[in-house]
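The lines below spell out each chain.
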Amino acid sequence: MDDRVSTGVPGLDSMMRGGLIPGRVYLIKGAPGTGKTTLAMHFAMAGVANGENVLYVTLEEPSENLRTDMSRLGFNLSSSNLTIIDATPTAERYVLMENFFESFAEGMDKMLAAIKEQFRQRYYHRVVLDPITMLKLTTTKELDYRRAFLTFVKTMGRLKTTVLITSELQKTDVEEYLVNGVIEMHMFEIQGKLTRGIRITKFRGSGFDPTVRPYEITDHGLVVYHDRVLPLP
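Residues numbered from 1 in each chain as written. Predicted model: local features only at pLDDT ≥ 70, side-chain atom pairs only at ≥ 80, totals over all residues. Heavy atoms only, no water.

Okay, the overall build of the chain next. Check the secondary structure of the chain and you find 9 helices and 9 strands. Looking at the 233 residues of the chain, the share that counts as buried comes to 52%. The contacts of the chain with a sequence gap of at least 6 include a subset with a gap of at least 24, amounting to 71%. Only carbon and sulfur atoms are counted for the fraction: they give 50% of the accessible area of the chain, which is about 11400 Å². (Helix = DSSP H or I, 4+ residues; strand = E, 2+ residues; numbered from the N terminus. Buried < 20%, exposed > 50% of the residue type's maximum accessible area, 1.4 Å probe, protein only. Contact = heavy atoms within 4.5 Å. Areas by Shrake-Rupley, 256 points an atom, 1.4 Å probe, with all protein chains shown as cover.)

Structure representation (structure tokens):
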């Protein structure tokens, strides 16, 4: 196979036969607390460690909080190779704008324009959009969202960058049909203990391990045990 793009989590790379296929768009799905942002940051920092330029767009967690939380896991977000765009809505906008949800639906196009502007300044090997859930929830029409998301995917393909998107939505959504790969992160209660499991449900262009594998969120981030099988309830 061609060179793969590491997720920054060795166990997950092993499940994908070496990592992500470059130049494609991938989706991470999971409930709150499953570690989606942590996995996205592993992906971003793996690029930085490899000397790549990385663009991280945060839509829910303010960049100051993101830096603080990730520094506790040992991630240093001060590299000049890492650009963070804070696109989070403020509390004041929620209070002062009655038509907030309609107006923010237009933000996806503006966000895409901001990303394209960043690419005019320098090329980014990796892009993270965390999470896309807010944009989905604030778009009034499903067809409009589908068109906007498809435009995003096509634009990223033309830019030849590897993209990781996170989503909190649990049911099957339009993103799953349009992206090149889907990674699901789950939490289970097994014998009274909270257990986490990760599964790849879609990976175009490559074989992959479809088994639910256990993982942990440690003081140093995510650890995926690709050689263990999660005993599901």
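Turning next to the side chain of Glu-175. Within the element layout of this structure, Glu-175 appears in helix H9 (residues 174-178). Apart from the residues within four sequence positions on either side, Glu-175 is in contact with Leu-27, Ile-132, Lys-136, Tyr-145 and Phe-149.

Attention now moves to the sheet that holds strand S6 (residues 181-190). The 9 strands are arranged S3-S2-S4-S5-S1-S6-S7-S8-S9 in an open sheet whose pairing can be described as mixed. The open sheet terminates on both sides in strands that have one partner only, identified here as strand S3 (82-86) and strand S9 (221-224). Between one strand axis and the next, the sheet turns by 20° as a mean value, whatever way the strands run. Sitting on the sheet, helix H2 (residues 36-49) is in contact with strand S1 (25-30), strand S2 (54-58), S3, strand S4 (126-130), strand S5 (162-167), S6, strand S7 (193-203) and S9, with an inclination near 165° to S4. Along the sheet, helix H8 (residues 142-159) contacts S1, S4 and S5; its crossing angle with S5, the most-contacted strand, is approximately 155°. (Pairing = 2+ DSSP bridges. Axes fitted to C-alpha atoms, helices over the stretch in contact; angles between N-to-C directions.)

Let's shift gears to the pairing of strand S8 (residues 213-218). Side chains on a regular strand alternate between the two faces of the sheet. Note: S7 against S8, 3 bridges, orientation antiparallel. Residue pairing across strands places Gly-197 opposite Pro-214, the latter belonging to S8. The pairing of S8 with S9 spans 4 bridges and is antiparallel. Looking across to S9, one finds that Tyr-215 is bridged to Val-224. In sequence, S8 turns back onto S9 through a hairpin of 2 residues.

Looking along the chain, the bond that leaves Asp-130 and enters Pro-131 is cis, with omega of -10°. Relative to the helices and strands, Pro-131 is located in the loop between S4 and helix H7 (133-137). With a phi close to 60°, Arg-17 is a non-glycine residue in the positive phi region. Note that Arg-17 resides in the loop between helix H1 (10-15) and S1.

Attention now goes to helix H3 (residues 63-71). Within H3, burial applies to Ser-63, Leu-66 and Met-70. All buried residues of H3 lie within an arc of 55° about the axis, which places them on one face of the element. Along its buried surface, H3 packs onto H2, S2 and S3. (Arc of directions from axis to C-beta.)

Moving on: the environment of Gln-118. Structurally, Gln-118 can be placed in helix H6 (residues 107-121). Placed 35 residues apart in sequence, Gln-118 and Thr-83 show a C-alpha to C-alpha distance of 9.1 Å. Non-local contacts of Gln-118, meaning those with residues more than four positions away in its chain, are made with Leu-55, Thr-83, Ile-85 and Tyr-124.

To continue, consider the pattern of salt bridges. Taken as a whole, this structure holds 6 salt bridges when the rule is applied. In this structure, Glu-52 engages Arg-126 in a salt bridge whose closest nitrogen and oxygen atoms are separated by 2.7 Å. Taken together, the residues Glu-52 in the loop between H2 and S2 and Arg-126 in strand S4 connect sequence positions 74 residues apart. Of the two residues, Glu-52 and Arg-126, neither departs from the other in class, the shared state being buried. A salt bridge links Asp-209 to Arg-213, with the nearest nitrogen and oxygen atoms 2.8 Å apart. Taken individually, Asp-209 and Arg-213 each receive the classification buried, so the pair is uniform in this respect. (Salt bridge = Lys/Arg side-chain N within 4 Å of Asp/Glu carboxyl O.)

So far we have only geometry, and geometry alone does not tell us how the molecule works.
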